[in-house]
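Understanding the architecture of this molecule
Residue strings, one per chain:
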Amino acid sequence: MDRPAAGASYQRFPRVRIRELKHDLARFELRDTDASMANALRRVMIAEVPTVAIDLVEIEVNSSVLNDEFIAHRLGLIPLTSAAAMGMRFSRDCDACDGDGSCEYCSVEFHLSARADSDQTLEVTSADLRSTDHKVVPVDQARAYQQALSGADPFDSATTADQRGILIVKLRRGQELRLRAIARKGIGKDHAKWSPAATVTFMYEPEIRINEELMDTLTLDEKTSFVESSPTKVFDIDPNTHQVVVVDAEAYTYDDEVIKKADAMGKPGLVEITAKEDSFIFTVETTGAITPYELIMNAITVLKQKLDAVRLQDDDGDLGELGAHLGGG
């Protein structure tokens with residue numbers, strides 16, 4: 001295996017282009033880098049970008065049908081707005097409260113008190129949680145507040161769902177739930193409740209080349225059969241020229257169906273599909289704890305911190321000895 005000369009640089013300059021950006025969804029391109037960097041960014045977004053989630057629950061009264069542990073678990077999975085999480089301290093590192101996680105620098109306190117006094121079933125939801133910090137509240141409360149400010153239709157189904165909140169437990173007449181909860185900063189690597197990502201995926205950008213000479217030898221019916229062999233709408237037939245054209249290369253799912261179809265028609269090489277090894281298309285969906293833009297930027301910050309830590313180790317000489325060993329020195 002050929003090795004680079006001493007002092008050779010691997011430095012690259014990745015580029016990012018945002019394609020779509022919504023309050024809970026983002027699509028962007030990552031170019032001029034390799035799969036290791038793309039996957040590192042994906043893993044950091046899923047497991048190492050911090051958020052705030054309920055981590056300690058003290059049940060004062062619980063006469064519902066669910067036991068204390070069940071309710072505590074459901075509370076932990078309620079996404080909380082976490083825009084301020086990057087500036088908070090981890091409770092284990094907080095010197096203001098000796099690590100017990102009960103101070104303004106590393107935690108947020110919540111209270112819930114609900115009692116059913118009528119024959120109608122009472123639904124206790126995240127909308128009943130009361131926070132001591134207006135910056136950290138259940139995501140549905142924050143959205144309902146924003147919708148109210150924007151004058152959204154109160155009878156709209158999405159608005160109604162946000163106003164109801166996330167169901168915690170149902171109470172019948174005479175049943176009561178009263179508790180205190182502490183939310184702390186954490187990362188998805190420790191528990192999934194701290195992960196800000198619902199899904200983070202990336203795919204290689206496909207490059208599709210049609211052999212026009214071979215394609216011209218097909219009849220219109222054969223071209224139609226070829227186009228329809230793709231499970232997704234990658235190809236179409238131009239109504240004017242009757243030529244097969246690529247309408248959406250990124251819809252290709254690397255299923256090889258069109259290649260198999262070309263082989264079955266006795267036309268191998270009719271289409272050539274390769275993956276660009278330095279170009280990736282990301283799709284990011286969040287839980288609402290932070291916006292997709294904040295997730296991407298925070299992930300880049302965390303990844304940079306990890307790379308800086310590696311560079312500091314290299315300055316200490318630890319990685320230099322490893323490099324010399326791998327290089328045969």
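A short tour of the structure in this document, coming up.

Rules of the game
- Residues numbered from 1 in each chain as written.
- Predicted model: local features only at pLDDT ≥ 70, side-chain atom pairs only at ≥ 80, totals over all residues.
- Heavy atoms only, no water.
- Helix = DSSP H or I, 4+ residues; strand = E, 2+ residues; numbered from the N terminus.
- Buried < 20%, exposed > 50% of the residue type's maximum accessible area, 1.4 Å probe, protein only.
- Contact = heavy atoms within 4.5 Å.
- Areas by Shrake-Rupley, 256 points an atom, 1.4 Å probe, with all protein chains shown as cover.
- Salt bridge = Lys/Arg side-chain N within 4 Å of Asp/Glu carboxyl O.
- Phe/Tyr/Trp six-rings, centres within 6.5 Å; stacked < 30°, edge-to-face > 60°.
- Pairing = 2+ DSSP bridges.
- Axes fitted to C-alpha atoms, helices over the stretch in contact; angles between N-to-C directions.
- Core = buried A, V, L, I, M, F, W, Y, C linked by side-chain atoms within 4.5 Å.
- Polar contact = N/O pair within 3.5 Å; in protein donor to acceptor, adjacent residues only side chain to side chain.
- Patch = residues over 30% accessible without salt bridge, like charges linked within 9 Å, V, L, I, M, F, W, Y side chains within 5 Å.
- 1 Å grid on protein atoms, 1.4 Å probe; cavity = no way out; pocket = protein on both sides within 12 Å on 5 of 7 lines; lining within 4 Å.
- Points joined across faces, edges and corners; volume = space filled by probe spheres on them.
- Nonpolar A, V, L, I, M, F, W, Y, C, P; charged D, E, K, R; others polar.

Overview of the overall build of the protein chain
When you go through the protein chain residue by residue, the secondary structure sums to 9 helices and 12 strands. Considering the protein chain as a whole, with its 329 residues, one finds that 36% of them fall into the buried category. Long-range pairs, those at least 24 residues apart, make up 71% of the contacts in the protein chain with a sequence separation of at least 6. Working note: accessible area of the protein chain is about 19,000 Å², and carbon and sulfur atoms make up 50% of it.

Focus on the pattern of salt bridges
Going through the model one piece at a time under the given rule, you end up with 28 salt bridges. The residue R15 makes a salt bridge to D32 at a minimum N-O spacing of 2.8 Å. Placement of the pair is R15 in strand β1 (residues 15-21) and D32 in the loop between β2 (25-31) and α1 (35-47), with a sequence separation of 17 residues. Look at R15 and you get partly exposed, because its relative accessible area is 48%.

Some words on the packing of aromatic side chains
Aromatic ring pairs: the centre-centre distance and the angle between the two ring planes describe each pair. Following the criterion strictly, the structure yields 6 aromatic pairs and no others. With 5.1 Å between their ring centres and 45° between their planes, Y204 and F280 make a pair best called tilted. Here Y204 is found in strand β9 (residues 197-210), whereas its partner F280 is found in strand β12 (residues 271-286), with 76 residues between them in sequence. Owing to a relative accessible area of 0%, F280 belongs among the buried residues under this scheme.

With respect to the sheet that holds β2
With antiparallel pairing, 4 strands are arranged side by side in an open sheet as β1-β2-β12-β9. Both outer strands of the open sheet, β1 and β9, are each paired with one neighbouring strand and no more. With direction set aside, neighbouring strand axes in the sheet form an average angle of 30°. Where β9 lies against β12, 13 bridges are found, and the strand directions are antiparallel.

Regarding unusual backbone geometry
Here H242, not a glycine, exhibits a phi torsion of approximately 60°, which is positive. Looking at the secondary structure, you find H242 in the loop between β10 (235-237) and β11 (244-246).

Remarks on the environment of D256
One can find D256 in the loop between β11 and α7 (257-264). For the pair D256 and I273, spaced 17 residues apart in the sequence, the C-alpha separation amounts to 8.7 Å.

A few points about the nonpolar core
Generally speaking, a soluble globular protein has its nonpolar side chains buried in company with each other. If you look at the biggest cluster of nonpolar residues, it comprises 23 residues, and the most contacted ones within it are I54, L75, L80, F110 and L112. Of all the secondary structure elements, the ones that give two or more residues to this core are β3 (51-62), α2 (68-76), β4 (107-115), β7 (167-171) and β8 (176-186). Discounting chain neighbours no more than four positions away, the residues touching L112 are V124, T125, D128, L129, I168, L177, R178 and L179. Formed by 19 residues, the second largest nonpolar core is a distinct cluster that contains A197, I296, A299 and V302.

Quick notes on the sheet that holds β3
Reading across from one edge, β3-β8-β4-β6 is the order of the 4 strands in this open sheet, with antiparallel pairing throughout. Every other strand in the sheet has two partners, leaving β3 and β6 (130-131) as the edge strands with one partner each. The sheet contact formed by β3 and β8 spans 10 bridges and is antiparallel. If you follow I54 over to β8, its bridge partner there is A183.

Thoughts on the environment of R311
Tracing the sequence through the fold places R311 in helix α8 (residues 292-315). Taking relative accessible area as the criterion, R311 reaches 52% and is therefore assigned exposed. Within the local environment of R311, its side chain forms a polar contact with the side chain of D308, the two groups lying 2.8 Å apart.

Structural notes on the side chain of R31
Here R31 is to be found in strand β2. For R31, a relative accessible area of 17% gives the class buried. There is a polar contact of 2.7 Å between the side chain of R31 and the side chain of E205. Reaching out from R31, the side chain makes a polar contact with the side chain of S279 at a distance of 2.7 Å. Setting aside residues no more than four positions away along its own chain, R31 makes contact with P14, R15, R19, E205, D278 and S279.

Side note on a nonpolar patch on the surface
Taken together, V16, I18, L21, Y293, M297 and I300 make up a surface patch of nonpolar side chains, about 530 Å² in accessible area. Elements supplying a minimum of two residues to the nonpolar patch: β1 and α8. In this structure, I18 sits in strand β1. Judged by relative accessible area, which is 38%, I18 ranks as partly exposed.

Notes on the layout of surface pockets
Reported here for the largest pocket is a volume of approximately 780 Å³. Every residue lining the largest pocket is counted, 21 residues in all, and those nearest its centre are R12, P14, T33, M37 and L307. Secondary structure elements with two or more residues in the lining of the largest pocket: β1, β2, α1 and α8. No other element matches α8, which puts 8 residues into the lining of the largest pocket. Broken down by class, the residue content of the lining of the largest pocket amounts to 12 nonpolar, 3 polar and 6 charged. Each pocket or cavity is described by its volume, and for the second largest pocket that value is around 420 Å³.

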